[in-house]
Amino acid sequence: MLCRYSSVQLVHRVLLSVLLCVACMSFAGCAENRVPLVYNSPSENTLPVANAPSVCIVTFEDKRATAAIGQRSDNTQFTAESDVRGWFTQALGTEVARLGLIVTLASTEAEAKKSGAKFIVTGSVDEVWITEKYVAEYDSRMTGSVRLKSGTGTLLNQRFSNNLSRRLVGPTVPRDILTDTVADLAKSMARALYEKIQR
């Protein structure tokens, strides 16, 4: 049996299809493959406490197995818009400063030694990965290693990891879940460093 539609009905069906496609693109496809790496700095100025020790954090090494930072549900890859090492290092520096310590950043360990800081932090970014399982379901995992040194030797050498899952729709979901993941990881690292420094 053949179905016949009037020209008006056909126009309506075409418009409906276009609108559905636009809606799908707005909610599902707007998350770009290139993800900006941001970190939420404190809204207020964080000042070191009186007689706080100085800590110099060296830019972390990138020991990830791939330059990509994740995979989408269509099997394409997420890539970072900026340097993963710098993003990771800045996140840790922000969280250590929030604990009241004097924090400086250095590109190399040699540069850190010249800074005169009492403590030097080095480390590596071992994994940064986000998986878009479905259109609105994401998993992220992040792993990093951190080492704390002073004039007496190595005080801490530890690996940290964090995993998060989100069921959200929107173009900023990959960015937001990575920001939350690195925040939790940086806070855990900062607390461990602080405890060793304060002993």
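Cut-offs and rules
Residues numbered from 1 in each chain as written. Predicted model: local features only at pLDDT ≥ 70, side-chain atom pairs only at ≥ 80, totals over all residues. Heavy atoms only, no water. Helix = DSSP H or I, 4+ residues; strand = E, 2+ residues; numbered from the N terminus. Buried < 20%, exposed > 50% of the residue type's maximum accessible area, 1.4 Å probe, protein only. Contact = heavy atoms within 4.5 Å. Areas by Shrake-Rupley, 256 points an atom, 1.4 Å probe, with all protein chains shown as cover. Core = buried A, V, L, I, M, F, W, Y, C linked by side-chain atoms within 4.5 Å. Expected span 1.5 Å × (residues − 1). Salt bridge = Lys/Arg side-chain N within 4 Å of Asp/Glu carboxyl O.

> Describe in detail the overall build of the chain, supporting the description with residues and values.
Scanning the chain for helices and strands turns up 4 helices and 9 strands. Ordered by position in the sequence, the α and β elements of the chain form the string α-β-β-β-β-β-α-β-α-β-β-β-α. Residues counted as buried form 38% of the 199 residues belonging to the chain. Within the chain, contacts between residues at least 6 apart in sequence are counted, and of these 75% link residues at least 24 apart. In the structure as shown, the chain presents an accessible area of about 11,500 Å², 53% of it carried by carbon and sulfur atoms.

> Before we move on, could you go through the nonpolar core and cite the residues and values that matter?
Counting 40 residues, the largest nonpolar core has I69, L92, V146 and L178 as the members making the most contacts within it. At 12 residues, helix α4 (residues 173-197) tops the list of elements feeding residues into this core. When neighbours within four sequence positions are excluded, L178 is seen to be in contact with V35, L37, I69, W87, V128, I130 and M142.

> Any details on helix α2 (residues 84-98)? Residues and values, ideally.
The end-to-end C-alpha separation of α2 is 21 Å, in line with the 21 Å expected for 15 residues at 1.5 Å each. For α2, the elements touching its buried residues are β2 (54-58), β5 (77-80), β6 (102-106), β7 (119-134), β8 (137-150) and α4. Of the residues trailing α2, G100 is marked for its positive phi of about 95 degrees.

> Tell me about the pattern of salt bridges, and name the residues and values.
With the rule as written, the count across this model stands at 13 salt bridges. Between R147 and E61 there is a salt bridge, with the nearest N and O atoms lying 3.9 Å from each other. Note that R147 is positioned in strand β8 and E61 in strand β3 (residues 61-62), a separation of 86 residues in sequence. Since its relative accessible area comes to 18%, R147 is described here as buried. What makes E61 partly exposed here is its relative accessible area of 41%. The residue E95 makes a salt bridge to R98 at a minimum N-O spacing of 2.8 Å. One end of the pair, E95, and the other, R98, are both in helix α2, 3 residues apart, so they sit about a helical turn from each other. Here R98 falls in the partly exposed class, since its relative accessible area comes to 33%. Each member of the salt-bridge network shares a partner with another, and the members are K133, E137, D139 and R167.

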